[in-house]
Amino acid sequence: MPVSPPAIVWFREDLRLADNPAIAAAIELGGPVVCVYVREAGLEGARPLGGASLWWLDKSLRAFSDSLEAIGGQLVLRTGKAGEVLPALVKETGAQAVFWNRRYGEPERSQDAAIKASLRGAGLRAESFNARLLMEPWELKTGAGGWYRVFTPFWRALQAAYAPAPALPAPSRLKSIKAESEALSGWGWHPTGPDWSAGLADMWTPGEAGARARLEEFLDGPINQYAENRNRPDEARSTSRLSPHLRFGEIGPAQIWRAVKDGIDAGRYDERNAMVFLSEIAWREFSNVLLHFNPDLARANYNPSFDQMPWRKDKNALTAWARGQTGYPMVDAGMRELWHTGWMHNRVRMIAASFLCKHLLLPWQAGEEWFWDTLVDADPAANAASWQWTAGSGADAAPYFRVFNPISQGSKFDVTGGYVRRWCPELSRLPDKFLHAPFEAPGNVLADAGIELGKTYPKPIVDHSAARERALDAYKQTRQEQGAE
Ligand code: FAD
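Residues numbered from 1 in each chain as written. Predicted model: local features only at pLDDT ≥ 70, side-chain atom pairs only at ≥ 80, totals over all residues. Heavy atoms only, no water.

> What exactly am I supposed to notice about the packing of helix 14 (residues 346–359) against helix 16 (residues 382–391) here?
In a pair of packed helices, the angle between the axes and the distance between the axes together describe the arrangement. Running from N to C, helix 14 and helix 16 point in directions that differ by 60°, and their axes come no closer than 9 Å. Taken together, the axis directions place helix 14 and helix 16 in an arrangement best described as oblique. The two elements helix 14 and helix 16 meet at a crossing, and its hand is right-handed. Contacts between helix 14 and helix 16 involve Met350, Ala353, Ser354, Leu356, Cys357 and Lys358 from the first element and Trp387, Trp389, Thr390 and Ala391 from the second. Looking at the contact of helix 14 with helix 16, its residues break down into 7 nonpolar, 2 polar and 1 charged. (Axes fitted to C-alpha atoms, helices over the stretch in contact; angles between N-to-C directions. Helix = DSSP H or I, 4+ residues; strand = E, 2+ residues; numbered from the N terminus. Parallel < 35°, antiparallel > 145°, perpendicular 65-115°, else oblique. Left-handed = near helix turned anticlockwise from the far one by under 90°. Contact = heavy atoms within 4.5 Å. Nonpolar A, V, L, I, M, F, W, Y, C, P; charged D, E, K, R; others polar.)

Written as structure tokens, this is what we have:
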């Protein structure tokens, strides 16, 4: 019987064995499988990952490499231009096929297309697959044949059109051949001098097993209260915390969809709550549609009328925001949670982001960049789309005149006060009544709680009502200049 030649699997944002079509295709050919991760250098226009993402990727690659070794495989690590590294590996191994799973941003897409054409031109089999989304961004079309710009009809159409393919099992053995590999530790992705990652390590277990455990934990209870609890940052298990695992493809949305739908059908999950959860997975899909059709989503206003917005330049205000020193406890708690854990609860992301764009009148791109650097789930589609949504410039966005009040949002959603008390411990002795507005507390209440405003906790860097008026005026001016009113 002829021996099948090796096949290469190029891993990128799909660091898992289960339900991974690229590795399944390679195994099906019957020859050895060469698994490679390329530290891409020189991809023009590509956005370097932030520090928190690199921390995650370092651990995720380590976990993935261990899983491959446990089944007889190897994760080959190489640095360079993918368009040069892959042909070199083809030559070294005698591979006849190269497979990978798709990414949806530019310039990655153009690069992939060029690599595919060149490998095929050299007589190889080169194929890409979808492991990252329920449906490809171009698959779901409106009645008029375009892409969806509004979420609710998108979600309706997705539910009607999507049928998950059967799950692909994780391989239990892998035929492989040895290839030279760089050492992950040599890539310097774990922070040193200083190592700021202790809080991240406490909270997360990057890798496929960690992703599976998170999903199981969430399905084992929290899913049934998701619709009510998902806005509760004071409830530790109110949401799934799957976002960084999804970001690096340690789990795919199809796996989540199947698990949830099976549970609904079997009567294990309350359908209403479970479908609200799946609708959030659909927001992730929608963000990817926006990114696919608007490659510059992280920089350019989706709604160009925001190009006229008179954003301020204020380095001190930006620093106070980033460090959680605005004097508004809900904003500060969120920004400190982000710094400490690499993650922030969705409700608080909205409050903190709105505060930056509206109260401080700073450009949303400045906040997007800070999140890009500090979030473990920093995602080219979801981060850009969500910032634009909050700023008002995005697709199907929150209207600009809806200015979140950080005080009432705090009282409403940090129901027990446990969230602010955890992340702003200097306020922990304040009575609930003043917890979200310490500047309104009488002197004796502050003194009893051991607080000296301006010393132990900052005074507000802007006055809520004045800042709100300033933001609305700026917006109105922009609209008037355009003759929109
Ligand atoms: P769950 O509530 O358990 O939701 C399940 C999954 O659905 C999430 O893991 C995520 O993949 C997806 N999801 C949920 N909400 C959204 C949403 N609004 N948009 C897109 N996908 C969503 N999410 C990211 O994954 N990466 C980002 O970089 C990111 N940046 C954001 C920036 C701002 C300003 C805001 C307001 C939101 C941002 N989000 C981002 C969306 C959302 O806050 C996170 O996905 C969510 O908090 C992750 O926690 P979870 O996994 O517990 O979510």
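> Just checking my understanding: could you explain the packing of aromatic side chains for this structure?
Summed over the entire model, instances satisfying the criterion amount to 30 aromatic pairs. Each ring, one from Phe151 and one from Phe286, has its centre 5.8 Å from the other, and the planes form 70°; the classification is edge-to-face. Of the two residues, Phe151 is situated in helix 5 (residues 151–161) and Phe286 in helix 11 (residues 271–293); the sequence distance between them amounts to 135 residues. Relative to Phe277, the ring of Tyr226 lies with its centre 5.3 Å away and its plane at 80°, an arrangement referred to as edge-to-face. Residue Tyr226 is located in helix 8 (residues 226–229), and its partner Phe277 is located in helix 11; the two are separated by 51 residues in the primary sequence. Its relative accessible area of 3% is what places Phe277 among the buried residues. Within the aromatic cluster, the residues linked to one another by ring pairs are Tyr148, Phe151, Phe154, Trp283 and Phe286. Over the ring of Phe248 we find Arg247; its NZ or CZ atom is 5.1 Å from the centre of that ring. The residue whose ring lies beneath Arg347 is Phe413, and the NZ or CZ to ring-centre distance is 4.1 Å. (Phe/Tyr/Trp six-rings, centres within 6.5 Å; stacked < 30°, edge-to-face > 60°. Buried < 20%, exposed > 50% of the residue type's maximum accessible area, 1.4 Å probe, protein only. Lys NZ or Arg CZ within 6 Å of the ring centre and 35° of its normal.)

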